[in-house]
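Breakdown of the fold
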Amino acid sequence: MGDPLERLGSDAAAGLESTMKEELCMEIDPPFRENIATAEDWRKALNKVVPAVVVLRTTAARAFDTEAAGASYATGFVVDKRRGIILTNRHVVKPGPVVAEAMFVNREEIPVHPIYRDPVHDFGFFRYDPDAIQFLSYEEIPLAPEAACVGLEIRVVGNDSGEKVSILAGTLARLDRDAPHYKKDGYNDFNTFYLQAASGTKGGSSGSPVIDWQGRAVALNAGSKSSTASAFFLPLERVVRALKLLQKGRDAVVNRWGAITIPRGTLQVTFVHKGFDETRRLGLQSETQQMVRHASPPGETGMLVVDSVVPGGPAHKHLEPGDILIRINGEVITQFLKMEILLDDRVDQKIDLQIERGGTSLNVELIVQDLHSITPDYFLEVSGAVIHPLSYQQARNFRFHCGVVYVTEPGYMLFRAGVPRHAIIKKFAGEEISRLDDLIAVLSKLSRGARVPLEYISYMDRHRRKSVLVTVDRHEWYAPPQIYKRDDSTGLWTAKPALPPQSPLLASNYSFAPPTVLSGGTCESSPTPMERIHHGNNQDLTDGVTYMDTNYESDVGSKRRKVEEESSSDGTVIADSSLHEPTEENSRPTANANLIDYKGSPAAAANASLAERVIEPTLVMLEVHVPPSCMIDGVHSQHFFGTGVIVYHSQSMGLVAVDKNTVAISVSDVMLSFAAFPVEIPGEVVFLHPVHNFALVAYDPSGLGAVGASAVRAAQLLPEPGLCRGDAVYLVGLSRSLQATSRKSVVTNPCAALNIGSADCPRYRATNMEVIELDTDFGSTFSGVLTDEQGRVQAIWGSFSTQLKYGGSASEDHQFVRGIPVYAISQVLEKISCGTDGPALLINGIKRSMPLVRILEVELYPTLLSKARSFGLSDDWVQALVKKDPTRRQVLRVKGCLAGSKAENLLEQGDMVLAIDKEPITCFRDIEDACQALDKHGGVDELTMTIFRQGREMELVVGTDVRAGNGTARVINWCGSIVQDPHPAVRALGFLPEEGHGVYVARN
């Protein structure tokens, strides 16, 4: 293979060589080694061969069977110029969808299409249009498998990762090497010998011709052992047969390629070649050995022995590991080649095998199975997952039946449930799954948002079923389920809908209500939609999976504090939700006490503080998943946990406030677990503050049921007065087991200004914010709320994302927690309650408008007045600022303007902001208040600012910008790339194209 993307793992080789811990890889690309002899002959041969060798650039569009999705470089060579056929490796042609181009030595590039890949051996063919080559004179390379012999001097002509032609000299050392074993869960060749040469090879030359001095290909370069200087070559006997059948099939059809069948037979048995000394230890009789030696060619040293049998195959329960093969149809067989010729010529026919098992001779009659019938040529794609019948290759690796339902790539829906790669699905929604059609039939009955159980097994724990809960996609992150099938006449894969048109899963609206478990195990819901009015239908993107926990106690983080295990008022306590607390004005009236004190609630802890008991019914654990197809705005993970607090709860809607390191973007799936009642329901992100580190997530109270809706309530917010240094607060949050955890702390700094640098991939970072610091907390991953003694929320204890930079280009994602004052949340809630002119969302069937936020798109930072005086700030302004705020004693300076903002060409880096409308400015909130005052006046969107620039005081009229709280609203997913408008973190870098707009590639 060409790139690291194509590199296969290493595993020990079979037999005696397993003790050597061979490191094998499918990458060949040798350095040039000086020719030893017959230089003129080699020069002529290479001049003829090199023009026929091509660089292959392949892109596997989907994971399939043994191969992952990705791009790579490899090598191939022309074996039929007239018909346009290129020979290369199977792992280059790919068993699944592939897009490929071939580049000749003169840099002519043409598209190529796969026409055949062998189900077992490592070879395959591409086709191309010979008329497309206009500027190169070349000849095909003839195949001469009979020329291979020990001691033959050879050359390997390949490419160096797509950069240039490279040539390696070597000598064939072995013709009977065992097929290399690359990895236990991927492609491996078997039932064949390999050729071996002492030569160091590396990435890029998979599929290179191994030529002799006459310019004939004697073998096909396939793999190497990276720990030594050994390369492995595939013999060409079966390649020649396949090529002849392709040529014959092409000639039978005029002006186009048709689907050509190359007969391949199998018993689903893996044989290994063992020497006569080993077969004797397995019980081979002396008379049998003597007969075999006489009947075999001179120099034969061993026999074929059964190594493994695939369950459910033709030989299952007939052959066993250790059986020694004597004859097939009366003919003595000791070589793989003769055995394969017999099997390929007798597909769907009976054959007679004579074997010896433990010294006893046995005769077995078996039916030769069509190898192509157990090699999948179609797959189901649902929510990014690739699912198809288990192939012979993987059935052999995993010891499972061919054809069972196999997960090549879990995609989004199955990944959320914890289903791994290589899983075998056994049961779904209460129904047994044995074929892919069974799975499709179950899917066709499900609706969006349904939660159903799934049982699977893995090859690493094959005797134990694992059960998970799968949530069917509620949104249209992915296209509807489709079946893709390979068309061998074109080399392309055609798609068709997998589900009937009347399937509930194809309905455009999602519905949710209290789940009802049906007899089949399916959780169905009644219609109460909670959907955005507009949302995209994005295609899938395979990406790496990462995880971020913003609410779990660990040893990571600079603010780690040990929790004292004492039963004191400031220790860790556990409370319940049985305490009756008054609700705020917009909350649902308290229900009957018998409903609130539900049976499942634990008794109140005797040592729980009042604050903890009051706030526990308002706490929520959020689990957030981001689809790989929607990794926008620089979001750095696909999985988040965190604690939120209910800030609004009525009969029609509930709202949860949470930090934006837990809910980073609106295109995500959110599940809410309530501390007050054991239920899990979905939520929708309805508001992301453009500046402050909080988001609002809506939920449907009817999903809680009557008991749950009455047990849950909204917290009482206390935005004023603000916290001061030395104030006592209660830090309350949830553990992963949904137990309330709290401690009493003291505010050490109520107005700490954040200074978070930009990440390598720009993402949201808190700017123009003052946060609250405590003397002690629960570590860098514990989030919750800060309350007073009565349980009134004064701040969100939220998580912030940052990136630590090391020497060079190394960096690492980190997080820390600080207090976020709730005044901004109160302002947003007030606008939602009173109505606003912002974007409309359909929440629980009711159209609601979310507020717009007026901001000054300028990044600011505080500077001490003592420093500002050194820059020339007058004593009058210093005194005015101290008088305005004797605590902070600071002035705000401009760090930069967001590109495309109205302030971009007015304010400059280093400007000191002294006043707005003659009122001194000392903190970020002063600027926020000035922006909000513009909304009250109406029709005015500019601020009159007094600034200090380079020793001069001046007044400027600076425009403000209005931003919605829905984040990025439009995304294009094209060929795996995610393209969007530049989000604020990108514009904060200070650049946009001269046109004033442009697109940002979030993923490529």
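An account of the accompanying structure is given in this report.

The rules behind each value
- Each chain has its residues counted from 1, running along the sequence as written.
- Only residues with pLDDT of 70 or above have their local features reported here, since the model is predicted, and side-chain atom pairs are shown and tallied only from 80 upward, although totals for entire chains, interfaces and linings are computed over all residues.
- Side-chain measures were taken over the full set of non-hydrogen atoms in the model, leaving aside hydrogen atoms and water.
- What makes a salt bridge here is a side-chain nitrogen of Lys or Arg within 4 Å of a carboxyl oxygen of Asp or Glu, nothing more.
- Helix and strand assignments come from DSSP, with helices taken as H or I runs of at least 4 residues and strands as E runs of at least 2, each series counted from the N terminus.
- Relative accessible area decides the class of each residue, using a 1.4 Å probe on protein chains only: under 20% of the type maximum gives buried, over 50% gives exposed, and in between gives partly exposed.
- Paired strands are those between which DSSP finds at least two bridges.
- Only the stretch in contact is used when fitting a helix axis, every axis being a line fitted to C-alpha atoms; angles between N-to-C directions are given from 0 to 180 degrees.
- Buried Ala, Val, Leu, Ile, Met, Phe, Trp, Tyr and Cys residues that are joined via side-chain atoms within 4.5 Å together make up what is termed a nonpolar core.
- Contacts are assigned to residue pairs with any non-hydrogen atoms lying within 4.5 Å of each other.
- Between rings of Phe, Tyr and Trp, where Trp is taken as its six-membered ring, a pair exists when centres lie within 6.5 Å; planes separated by under 30 degrees are stacked, by over 60 edge-to-face, and by other angles tilted.
- Charge-over-ring contacts are defined here by two conditions on Lys NZ or Arg CZ: a distance within 6 Å of the ring centre and an angle within 35 degrees of the ring normal.

1. Quick word on the pattern of salt bridges
- Throughout the structure, instances matching the rule amount to 57 salt bridges.
- A salt bridge links Arg264 to Asp118, with the nearest nitrogen and oxygen atoms 3.0 Å apart. Of this pair, Arg264 sits in the loop between helix H3 (237-251) and strand E14 (265-266) while Asp118 sits in the loop between strand E6 (109-117) and strand E7 (124-127), and the two are 146 residues apart along the sequence.
- Since its relative accessible area comes to 3%, Arg264 is described here as buried.
- One salt bridge connects Glu278 with Lys274, and the closest N-O pair in it is separated by 3.6 Å.
- According to the relative accessible area criterion, Glu278 is partly exposed, its value standing at 32%.
- Here the residues in one salt-bridge network are Asp118, Arg238, Arg241, Arg264, Glu340 and Asp344, joined through shared partners.

2. What to know about the sheet that holds strand E58 (residues 1000-1003)
- Pairing is antiparallel across the open sheet formed by three strands, whose spatial order is E56-E57-E58. On the outer flanks of this sheet lie strand E56 (971-974) and E58, each paired with one strand and no other. Strand after strand, the sheet turns through a mean of 30° between neighbouring axes, direction not considered.
- Both E56 and strand E57 (residues 977-980) contribute to a ladder of four bridges, which runs antiparallel. Counterpart to Ile972 in the pairing with E57 is Val979.

3. Some words on the nonpolar core
- Core analysis: the largest hydrophobic core is formed by 53 residues, its most contacted members being Phe77, Leu87, Phe104, Phe123, Phe125, Tyr128 and Leu143.
- Not counting residues within four places of it along the chain, the set of residues in contact with Phe104 comprises Pro51, Val54, Val78, Ile110, Tyr128, Ile133, Leu136 and Tyr138.
- Counting residues in hydrophobic clusters, the runner-up holds 48 residues, among them Val645, Tyr648, Ile796 and Val828.

4. Thoughts on the pairing of strand E38 (residues 680-688)
- For E38, a buried count of eight out of nine residues is recorded, marking the element as mostly surrounded by other parts of the structure.
- Strand direction decides the pairing type here: strand E37 (residues 669-674) and E38, joined by four bridges, are antiparallel. Within the sheet, the bridge partner assigned to Ser673 lies in E38 and is Glu680.
- In sequence, E37 turns back onto E38 through a hairpin of five residues.
- Pairing of E38 with strand E39 (residues 695-699) involves five bridges; the strand directions are antiparallel. Within the sheet, the bridge partner assigned to Val685 lies in E39 and is Val697.
- Hairpin connection between E38 and E39: a loop of six residues separates the two successive antiparallel strands.

5. Here we look at the side chain of His388
- Inspection of the secondary structure assignment puts His388 in strand E23 (residues 385-389).
- For His388, a relative accessible area of 0% puts it in the buried group.
- Not counting the four nearest positions on each side in its chain, His388 is found in contact with Phe64, Asp65, Pro376, Tyr378, Phe379, Val404, Val405, Tyr406, Thr408 and Leu436.

6. Digging into unusual backbone geometry
- Between Glu720 and the following residue, Pro721, the backbone shows a cis peptide bond with an omega angle of -5°.
- Its place among the elements puts Pro721 in the loop between helix H12 (705-711) and strand E40 (728-734).
- The backbone of His422 sits at a positive phi, close to 70°, despite the residue not being glycine.
- In this fold, His422 is placed in the loop between helix H8 (413-417) and strand E25 (424-428).
- For His422, a relative accessible area of 15% puts it in the buried group.
- Phi at Arg889 takes a positive value of approximately 55°, unusual for a residue other than glycine.

7. Notes on the packing of aromatic side chains
- For the structure shown, the criterion picks out 18 aromatic pairs.
- Centroid distance Tyr116 to Phe123: 6.1 Å. Interplanar angle 45°. Geometry classified as tilted. There is no split in this pair, since Tyr116 and Phe123 are both buried.
- Arranged with centres 4.4 Å apart and planes meeting at 10°, the rings of Phe398 and Tyr459 form a pair that is stacked. With Phe398 in helix H7 (residues 392-398) and Tyr459 in the loop between strand E27 (451-458) and strand E28 (461-471), this pair connects stretches of sequence that are 61 residues apart.
- Of the aromatic side chains, those joined through ring pairs into one cluster are Phe64, Phe379, Tyr484 and Trp493.
- The side chain of Lys81 reaches across the aromatic face of Tyr138, ending 5.0 Å from its centre.
- A cation over a ring is seen here: Arg250 above Trp257, with NZ or CZ 5.6 Å from the ring centre.

8. Some remarks on the sheet that holds strand E3 (residues 70-80)
- Spatially, the six strands close up into a barrel ordered E2-E3-E4-E7-E6-E5, and their pairing is antiparallel. Strand-to-strand, the axes of this sheet are offset by a mean angle of 40°, without reference to chain direction.
- Pairing between strand E2 (residues 53-60) and strand E5 (residues 98-103): six bridges, direction antiparallel. Each residue of the ladder has a partner; that of Leu56, found in E5, is Ala102.
- Strands in contact with H3 are E3, strand E4 (85-88), E6 and E7; relative to E7, the strand with the most contacts, it is inclined by about 35°.

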